[in-house]
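# Chain and residue survey
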There are 2 protein chains.
Amino acid sequence: MKEKYAAATRELKRRLGARVDVSEKGRFAASFDSSKVSFMPAAVIKPRAEKEIGVVLELANRHRVPVTVRGRGTTLMGSAAPVRGGWVVDMLALNKVAVDADAGLATAHAGATTQAIQDAAAKLGWFFPLDPSSKAYCTIGGNIACNAGGMHGGKYGVTRDFVVALRGFLPTGEFVEWGTATKKFSAGFNLRDLWIGSEGMLGIVTGAVLKLLPQPAARWTLLTSFADEVSALKAAKALFRQRVVPAICEFLDRESVVCAERAMKTTIFPGQAGRPVILLEFAGGAAEIEDVKATVLAWAQEHSLGFREAKSREEAEQLWAVRRKCSGAMFELGDSKLNEDIVVPMRSYEKFARFLAGLKRSAKLAIPTFGHLADGNLHVNIMYHRADAAEAKRAEDAVQKLMETVVALGGAISGEHGIGLAKTPFLRIQHSPAQVKAMQAVKRALDPKGICNPGKMFEPVRIWKFTKLQVSFPWDHK
Amino acid sequence: MKEKYAAATRELKRRLGARVDVSEKGRFAASFDSSKVSFMPAAVIKPRAEKEIGVVLELANRHRVPVTVRGRGTTLMGSAAPVRGGWVVDMLALNKVAVDADAGLATAHAGATTQAIQDAAAKLGWFFPLDPSSKAYCTIGGNIACNAGGMHGGKYGVTRDFVVALRGFLPTGEFVEWGTATKKFSAGFNLRDLWIGSEGMLGIVTGAVLKLLPQPAARWTLLTSFADEVSALKAAKALFRQRVVPAICEFLDRESVVCAERAMKTTIFPGQAGRPVILLEFAGGAAEIEDVKATVLAWAQEHSLGFREAKSREEAEQLWAVRRKCSGAMFELGDSKLNEDIVVPMRSYEKFARFLAGLKRSAKLAIPTFGHLADGNLHVNIMYHRADAAEAKRAEDAVQKLMETVVALGGAISGEHGIGLAKTPFLRIQHSPAQVKAMQAVKRALDPKGICNPGKMFEPVRIWKFTKLQVSFPWDHK
């Protein structure tokens, strides 16, 4: 690979000097993301000014060099893996954040972490609700690339709902701005939102203007437990029927609860060990929260087996810690995980719960499932032992069946992770030939030479068959 | 024009029979929108089933017949005027609305009015906040075409913020669905949002799934008056600095107030006649509203010349009636109006107020201005007498200067109306050559034969030079 782009890489070094790293070590570090499958690039570029990205793309476009952008590489989908080699652009040095405290807008470089934006906003009384579980590490550029969500999605929305403007470069190296630092914009085709979720395949985002909300004054946390998954999901629907909007509504099925309890060496809900739970958080003005409590407690009384309010912020934090631990603990059930962030429409909740129970039985696999009930985005974790060929085959069949069922129920194969490499085998379950053709036409129109993150989205790859690196990241669930 | 597409139209009639109207009267009625400039089409199609639109497009694409979609034709921009003739698709018969009361989602055909969706939602305790001033007439398809907004935009967002899925047809006649009836979706390029605001140039939307919010239990209205425009806009910034989010924050400058007072034969704010005002509405839970009142009243005490709470819903309605009347009354200041829905970033509010005062003086024209301060979307109404060539020239120069200034201040040439024909001369002030080129590449990719709403957006036309029809609409401001 290296040799293939040698002349182009020499020219790149002449233009950008020390920004370009061709060392073995530097290239290896940029060769994989959290999918842990390595593809060596010819060079890594670490820009310190936005215009340097224009130089990279102009050269890449001229010499047909693949360009893959990475933030922190937290994606599990392989979206940041340079599968065709070429050049990797590492955005981490472009990480400034500024907040307009009157307008409630943040301006951030693509390399700023989601947490850094939240912190900058919070200092001025504003709230940036985007909360992917890796938010301390992942960058807003990465969030934009896969239209990331998180637990707050049901109430506050996903990345797309916070982006008012983007800036960056077309695959040709031309600078562009989509939208303005205002909450309204209706002038020309909406290429801003086309870029969101396009996984770096239509250009490179260098900065964003983001909408903020007032920091909620109060929070209230309630833990509820249920006899089984069907009753839990049915109860959730009854809650939403009350027209209350929880900031978070997290569901953990029995297997997830058992995993979390083992990992924490504690019972989540004393007296209700091993039962599926829904963990609720409400956020808003103090009076608003008081208003909502009565409704929610009456609902819990009627629908749950038991419920427990967090008496303090600390107690609430303990409950959320349990939620965060459940994912890592799953590796006791298998050494490999197919983690699918599917979305189920609310009208299909019970049907899906029944399907999942059947899938666990027929696949003879543990499939702990948890997720965000306010928007139907569930993380279905198919656990298996990689060395056991029969088990691996059953896992692969289970994923296929899961994806087909989700789409048949009117849902989506991904709510917040994107397609990358990992979901490429399922894209055509979601999208008809006409839809895929339209997407590919847009790709060719904006990136005629196909240099931006090639090999992703449209070409089916079974990434779970590749050998994984034995590396660990601070954001690993394990 | 009619002869040009005669063979294609005959085939269309064979396929769709009575859905196709080639009568002089039918074609004339579909020849213009609220820009009131007429372009006769060869036929009008009134589909009763979505699939009929696929037939129209497949034929149009084969025979290269221009296709323009219309809802009620409320757009002022000429977006629904069939400027190249061909066929007009009238969506009004496709107007079903259904609400999923648990999930808080509405499913609507493109021909449903915004009001019909609001009403269907309200019946089930849900709230659809989109409120273009023509909402009783305009269709959701039209809202989607221009990414419509309204007074609620600052708090609740614009059309784009409510659309979770779209369905419809590509210019080739192929059926597509973008997104699912869920609040999260991250699978493939986001052509849903690319369609929003694309003014029917990339396909035809036949239906949408829309996000609803819980119906607010309480509302509170406050009228505030100011010495001049600069103080009013400065005060608005001070209000937003308190991290309160009004559902509506409408500004009327002196000229708008005078117009409204003449039209209503009353004083908006007794004792403050002719002064610029800001009309505020807060919406939410009863306790939440009580919470916010203290903050807002303290702000009014400090920043306004005078303030007055609406004591009842009826009194509030009277205040909003004043706001709605101001626009029509402007025709006392000139028989013609260049109505520009520009957007100004909050940081530039005072600067813009000073610019506008200067523009009024230098152009020697009345330019009453009102609009939505929570999102900076201001309606600048340049009034002139069409028969007076010098005045018309000054109006045209003023528009040009306005657009250049707005973009220089970091704002937008349109917040909620779109480009259509009317804003085509200004598109390149907003967008660089690279940006326009990228948009045109996307257009060619999805509509290679250029049949969908041709002649719009990219080709500069001075529509105000055309002769206007002497017709009036129920939604006319006059």
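This one's a predicted model, so the numbers in the text were calculated from it and none came from an experiment.

### Observations regarding the confidence of the model for chain A
Overall, the predicted model of chain A reaches an average pLDDT of 95, with 99% of residues at or above 70. On the interface metric, ipTM, the complex scores 0.96, and its pTM is 0.97.

### A word on the sheet that holds strand β8 (residues 163-169) of chain B
All names here are of chain B. Taking strand neighbours across the sheet as the criterion, the five strands line up as β5-β6-β10-β8-β9 in an open arrangement whose pairing is antiparallel. Strand pairing shows two members of the sheet lacking a second neighbour, β5 (97-100) and β9 (175-178), which therefore form its edges. Between one strand axis and the next, the sheet turns through 15° on average, direction left out of account. By the bridge criterion, four bridges tie β8 to β9 in an arrangement that is antiparallel.

### Thoughts on the sheet that holds strand β5 (residues 97-100) of chain A
Backbone-to-backbone hydrogen bonds join strands into a sheet, with any given pair of strands oriented parallel or antiparallel. Residues and elements named next belong to chain A. In space, the five strands of this open sheet follow the order β5-β6-β10-β8-β9, with antiparallel pairing throughout. Pairing within the sheet leaves two strands with one partner each, and these edge strands are β5 and β9 (175-178). Averaged over all pairs of adjacent strands, the angle between strand axes in this sheet comes to 15°, irrespective of strand direction. Examined bridge by bridge, strand β8 (residues 163-169) and strand β10 (residues 204-211) share six bridges and lie antiparallel to one another. Bridging from a neighbouring strand, F169 pairs with I204 of β10. Across the sheet, helix α3 (residues 50-63) is in contact with β6 (105-109), β8 and β10; its angle to β8 comes to roughly 55°. Across the sheet, helix α4 (residues 114-123) lies against β5, β6 and β10, angled at about 35° from β5, the strand it touches most.

### Describing the environment of M383 of chain B
All names here are of chain B. Along the polypeptide, M383 turns up in strand β18 (residues 377-384). Here the alpha-carbon distance between M383 and K337, two residues 46 residues apart in the chain, equals 4.6 Å. In this structure M383 touches M330, F331, L333, G334, S336, K337, L365, A366, P368 and E391, once residues within four positions along its chain are discounted.

### Focus on the relation of the copies chain A and chain B
The transform that puts chain A on chain B rotates by 180° and translates by 0.0 Å along the axis, for an RMSD of 0.0 Å. Taken together, the rotation and translation describe the operation of a two-fold axis. The fraction of interface residues of chain A whose copies in chain B are also interface residues reaches 100%, indicating that both copies meet through the same surface.

### A look at the pattern of salt bridges
All names here are of chain A. Under the defined criterion, the tally for this structure stands at 68 salt bridges over all chains. Residue E250 is joined to R323 by a salt bridge in which the shortest nitrogen-to-oxygen separation is 2.6 Å. With E250 in strand β13 (residues 248-252) and R323 in helix α11 (residues 313-329), this residue pair connects regions lying 73 residues apart in the sequence. Exposure class is identical for E250 and R323. Each is buried.

### Side note on α3 of chain A
Residue and element names in this part refer to chain A. Taking 1.5 Å per residue as the helical rise, α3 with its 14 residues ought to reach 20 Å, and the 21 Å between its terminal C-alpha atoms agrees with that figure. Most of α3 sits out of view: ten of its 14 residues are buried. Buried within α3 are the following residues: E50, E52, I53, G54, V55, V56, L57, L59, A60 and N61.

### Remarks on the packing of aromatic side chains
Using the criterion set out here, one finds 28 aromatic pairs over all chains in the structure. Centre to centre, the rings of W178 of chain B and W195 of chain B are 6.2 Å apart; their planes meet at 90°, and the pair counts as edge-to-face. With W178 of chain B in strand β9 and W195 of chain B in helix α7 (residues 191-195), this pair connects stretches of sequence that are 17 residues apart. Side by side, W178 of chain B and W195 of chain B carry an identical accessibility label, which is buried. Put simply, the rings of F28, F32, Y137, F473 and W475 of chain A touch in pairs and so form one group of aromatic residues. Of note, R308 of chain A hangs over the ring of F269 of chain A, and the distance from its end group to the ring centre comes to 5.6 Å.

### Observations regarding the side chain of E281 of chain B
Residue and element names in this part refer to chain B. Positionally, E281 belongs in strand β14 (residues 277-284). The class of E281 is buried, set by a relative accessible area of 3%. Only 2.8 Å separates the side chain of E281 from the side chain of R219, close enough to count as a polar contact. At 3.3 Å, the side chain of E281 and the side chain of T221 are in polar contact. Excluding its chain neighbours within four sequence positions, the residues that come into contact with E281 are R219, W220, T221, P246, A247, I248, R313 and W320.

### Here's the deal with the interface of chain A and chain B
Of the residues lining the interface, 90 residues belong to chain A; the matching set on chain B comes to 90 residues. Roughly 6500 Å² of surface becomes buried between chain A and chain B when both sides are summed, with 58% attributable to carbon and sulfur atoms. For chain A, the biggest contributors to the area lost against chain B are K184, F189 and R243 of chain A; these three give 15% of the whole. Joining chain A to chain B, the criterion identifies twelve salt bridges. There are 33 residue pairs in polar contact (both at pLDDT 80 or more) connecting chain A and chain B. Residue contributions to the side of chain A that touches chain B peak at ten residues, all from helix α15 (residues 433-446) of chain A. For the side of chain A that touches chain B, the class distribution of residues is 43 nonpolar, 26 polar and 21 charged.

Definitions and cut-offs
Residues numbered from 1 in each chain as written. Chains lettered and ligands numbered in written order. Predicted model: local features only at pLDDT ≥ 70, side-chain atom pairs only at ≥ 80, totals over all residues. Heavy atoms only, no water. pLDDT = per-residue confidence, 0-100. Pairing = 2+ DSSP bridges. Helix = DSSP H or I, 4+ residues; strand = E, 2+ residues; numbered from the N terminus. Axes fitted to C-alpha atoms, helices over the stretch in contact; angles between N-to-C directions. Contact = heavy atoms within 4.5 Å. Least-squares fit on C-alpha atoms with pLDDT ≥ 70 in both. Salt bridge = Lys/Arg side-chain N within 4 Å of Asp/Glu carboxyl O. Buried < 20%, exposed > 50% of the residue type's maximum accessible area, 1.4 Å probe, protein only. Expected span 1.5 Å × (residues − 1). Phe/Tyr/Trp six-rings, centres within 6.5 Å; stacked < 30°, edge-to-face > 60°. Lys NZ or Arg CZ within 6 Å of the ring centre and 35° of its normal. Polar contact = N/O pair within 3.5 Å; in protein donor to acceptor, adjacent residues only side chain to side chain. Buried area = accessible area lost by both parts, 1.4 Å probe. Nonpolar A, V, L, I, M, F, W, Y, C, P; charged D, E, K, R; others polar.

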